[in-house]
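Coordinate inspection notes
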Amino acid sequence: MLKGKQRAYLRSLANTLKPTAQIGKEGVTGAFLDELDNQLRARELVKITILENAGLDAKETANAICEELRAEFVQAIGFKFTIYRKNNEQPKILFPGQEPAKAKKDNGKKRVTKRSVQ
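Notes on the overall build of the chain
From N to C terminus, the chain includes four helices and four strands. Order of helices (α) and strands (β) in the chain, N terminus to C terminus: α-β-α-β-α-β-β-α. In the chain, the proportion of contacts linking residues at least 24 apart, taken out of those at least 6 apart, comes to 67%. A total accessible area of about 8,900 Å² is found for the chain, and carbon and sulfur atoms account for 48% of it.

What follows is the structure, given as structure tokens:
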């Protein structure tokens, strides 16, 4: 679940994005969901356009797609909407105040615990 500031940050990133997917008169198909799943894995943030002849509402369609793909709804404006899903293996988007994961440094010292001292 996204917090308000995280959603606002994603909206600011989406402002400059070009739509990478379109929903046409066939509506939301299995092939479309597969392609969108691949895009979310690669980019994390995807903007989608609904063509006028599709006859779909942007918010309803976005919520249905988010439920199907376990993604988060970011925003809908007109016939365009934006969704987000974090890639746990290789995150691309870092929120403000969030740092990338760092590997622990091993100084070569052996740790002494109560169990190893016995």
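Observations regarding the pattern of salt bridges
Tallying each qualifying case throughout the model produces two salt bridges. Notably, a salt bridge pairs Asp37 with Arg41, separated by 2.8 Å at the nearest N-O pair. Highlighted residues: Asp37 and Arg41, both in helix H2 (residues 30–43), separated by four residues, approximately one helical turn. Residue class for Asp37 comes out buried when judged on its relative accessible area of 19%.

Notes on the side chain of Gln75
Tracing the backbone shows Gln75 in strand S3 (residues 72–77). The contacts of Gln75, once residues within four sequence positions are left out, are Arg11, Ala14, Lys80, Phe81 and Thr82.

Observations regarding the packing of H2 against helix H3 (residues 58–69)
Their axes nearest at 11 Å, the elements H2 and H3 cross at an angle of 70°. Considering the angle they form, H2 stands roughly perpendicular to H3. Between H2, through Phe32, Leu33, Leu36, Asp37 and Leu40, and H3, the contact on the second element is made entirely by Ile65, Glu68 and Leu69. Looking at the contact of H2 with H3 residue by residue, the class counts come to six nonpolar, no polar and two charged.

Considering the pairing of strand S2 (residues 45–50)
Most of S2 is tucked away, with six of its six residues classed as buried. Of the strand pairs in this sheet, strand S1 (residues 21–23) and S2 are connected by three bridges, and their pairing is parallel. Paired with Ile23 across the bridge in S2 is Ile50. The sheet contact formed by S2 and strand S4 (residues 80–84) spans five bridges and is antiparallel. The partner of Thr49 across the bridge, within S4, is Lys80.

The rules behind the values
- Residues numbered from 1 in each chain as written.
- Predicted model: local features only at pLDDT ≥ 70, side-chain atom pairs only at ≥ 80, totals over all residues.
- Heavy atoms only, no water.
- Helix = DSSP H or I, 4+ residues; strand = E, 2+ residues; numbered from the N terminus.
- Contact = heavy atoms within 4.5 Å.
- Areas by Shrake-Rupley, 256 points an atom, 1.4 Å probe, with all protein chains shown as cover.
- Salt bridge = Lys/Arg side-chain N within 4 Å of Asp/Glu carboxyl O.
- Buried < 20%, exposed > 50% of the residue type's maximum accessible area, 1.4 Å probe, protein only.
- Axes fitted to C-alpha atoms, helices over the stretch in contact; angles between N-to-C directions.
- Parallel < 35°, antiparallel > 145°, perpendicular 65-115°, else oblique.
- Nonpolar A, V, L, I, M, F, W, Y, C, P; charged D, E, K, R; others polar.
- Pairing = 2+ DSSP bridges.

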